[in-house]
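Breakdown of the fold
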Amino acid sequence: MSLSVQGCDPRPLPGPTPDTPKPAADQHTDLPLLKTLVLDCKQGAVRAVRFSVDGNYCFTAGADKSLKLWNPNKGTVLKSYTGHGYEVLDAKGSCDNSQLVSCSMDKTVVLWDVSSGNWSRKWRGHQGSVNCVAFNEDSSVVVSGSVDTTVKVWDCRSRSQDPIQTMLECKDSVTSLDVSDHEILVGSGDGRVRLYDMRKGSLDTDYVGGAVASVAFTRDGQCLLVSCVKNTIKLFDKTSGEMLSEFSGHINKEYRLDSCLDYSDKYVLSGSENGMVYVWDLVEGGLVAKLDHGAGSGTVHSLAQHPARAQLLTAHRGLVSVWEDKEQEKEVEEQSMSSASVYDSKPHWM
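Residues numbered from 1 in each chain as written. Predicted model: local features only at pLDDT ≥ 70, side-chain atom pairs only at ≥ 80, totals over all residues. Heavy atoms only, no water.

Let's shift gears to the sheet that holds strand E23 (residues 259-261). Within the open sheet, the four strands sit side by side as E23-E24-E25-E26. Their pairing is antiparallel. With one partner strand each, in any of the chains shown, E23 and strand E26 (287-292) form the two edges of the open sheet. For this sheet, the mean angle separating the axes of adjacent strands, direction not counted, is 20°. Sheet analysis places E23 next to strand E24 (residues 267-271), joined by three bridges and oriented antiparallel. (Pairing = 2+ DSSP bridges. Helix = DSSP H or I, 4+ residues; strand = E, 2+ residues; numbered from the N terminus. Axes fitted to C-alpha atoms, helices over the stretch in contact; angles between N-to-C directions.)

Let us look at the confidence of the model for the chain. Averaged over every residue, the pLDDT of the chain is 87; the share at 70 or more is 85%. A low-confidence stretch, residues 22-26 (pLDDT under 50), is modelled with three contacts involving residues beyond four sequence positions or located in other chains. (pLDDT = per-residue confidence, 0-100. Contact = heavy atoms within 4.5 Å.)

The next subject is the pairing of strand E22 (residues 243-247). Within a regular beta strand, the side chains point alternately toward one face of the sheet and then the other, so they alternate between its two faces. As paired elements, strand E21 (residues 233-237) and E22 share four bridges and run antiparallel to each other. Bridging from a neighbouring strand, Phe-236 pairs with Met-243 of E22.

This part takes up the packing of aromatic side chains. What characterises a pair of aromatic rings is the spacing of the ring centres plus the angle enclosed by the ring planes. The final tally for this structure, using the stated rule, is four aromatic pairs. With 5.5 Å between their ring centres and 15° between their planes, Trp-123 and Trp-154 make a pair best called stacked. Separated by 31 residues along the polypeptide, Trp-123 in strand E10 (residues 119-123) and Trp-154 in strand E13 (residues 151-155) bring together distant segments of the chain. Exposure remark for Trp-123: the relative accessible area of 1% places this residue in the buried category. The class of Trp-154 is buried, set by a relative accessible area of 0%. Between Tyr-278 and Trp-280 the ring centres are 6.1 Å apart and the planes differ by 25°, which places this aromatic pair in the stacked class. Trp-280 shares its class with Tyr-278; the two are buried. Joined through ring pairs, the aromatic side chains of Phe-247, Tyr-278 and Trp-280 make up one cluster. (Phe/Tyr/Trp six-rings, centres within 6.5 Å; stacked < 30°, edge-to-face > 60°. Buried < 20%, exposed > 50% of the residue type's maximum accessible area, 1.4 Å probe, protein only.)

What follows concerns the pattern of salt bridges. Applying the stated rule across the entire model yields ten salt bridges. A salt bridge links Asp-40 to Lys-42; the shortest N-O distance between them is 3.2 Å. Residue Lys-42 is classed as partly exposed on the basis of its relative accessible area of 49%. When the shortest N-O distance is used, the salt bridge between Arg-309 and Glu-324 registers 2.9 Å. Placement of the pair is Arg-309 in the loop between strand E27 (300-305) and strand E28 (311-316) and Glu-324 in strand E29 (residues 319-324), with a sequence separation of 15 residues. You can call Glu-324 buried: its relative accessible area is 2%. (Salt bridge = Lys/Arg side-chain N within 4 Å of Asp/Glu carboxyl O.)

What follows is about the pairing of E28. Of all six residues making up E28, six are buried, and the element is well covered by its neighbours. Bridge analysis of E27 against E28 gives five bridges, and the strand direction is antiparallel. Residue Ser-302 lies in a different strand from E28, and its bridge partner there is Ala-315. Where E27 folds back onto E28 in an antiparallel hairpin, the turn is made up of five residues. In the sheet, E28 pairs with E29 via six bridges, with the strands oriented antiparallel. Residue pairing for E29: Leu-313 is matched across the bridge by Val-322.

Here we come to the sheet that holds strand E8 (residues 99-104). The four strands are arranged E7-E8-E9-E10 in an open sheet whose pairing can be described as antiparallel. Only two strands of the sheet have a single neighbouring strand rather than two, namely strand E7 (88-93) and E10. Adjacent strand axes in the sheet meet at a mean angle of 15°, parallel and antiparallel pairs treated alike. In this sheet, E8 lies alongside E7 in antiparallel orientation, the contact comprising five bridges. Looking at E8, one finds that Lys-92 is bridged to Val-101.

Now the structure itself:
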């Protein structure tokens, strides 16, 4: 593996366009505005990019049926996982970094052992492509959402091929989900967001005005961030269902784009179909920055925010861009990026 394959993009970064908001010198310094790496994932189109729970690693789901584990700070591939029969659409890491779960257009949900690269479970209960997947808080169960309109819950500790629960309330494709310690938040193409409270056994449903593209809990668990295709991004109070704020300006006419909150719950970030990531102030609702991926970048459709600092991963075409608030300290000794050294280096959990 040569440095030209994975690493810094040698081309000069484009300057700000005239309509790009310019943050004041003492303002928004905690935003990841500096592109530090561009990873050529060599997986065809990158369908999703996700951070591990601790933010030290990331995963890319590829159109070539593969899943890859990366060190996003060095741009090195640590492992590749193959076993899906069609495009991989989403992936998440477990709370202890020992397992990965992925879902695919082949209708399966696969649980992987990170260190060996082998799969330990392959669940085939869905009747259509599986769009989204997530672990619960202690990674004992996996939740998946599919084009077949169902949400299924799988027990990671059981050998059973059957889900332990199936939610049938959605009237269209399940497009996105998020999981808290006792709640499952589900977005669907039927224009509704559903919040399942597993402790109370209750379901709250809200109509949000369009096919849901992305849903997420805020980090304090009090609010819900919901984006819709051909519509705005909205912030709702979880308890009352009241819309607290609305964010607009990005272009989202055709595709399902990720939106997320930054690590501090201060900013809302969203992909866009014009090669940009838009950043709004959560409280004031105003646009504070645009991250320009350059001419010909196409749609920026997947985002991953570092859990503890201002680092952002963005996926567009077959590339993943790494954005920081300031440049990382360059290592004095340049590490060899041969395939041998990459696979000989042990991850921290071994």
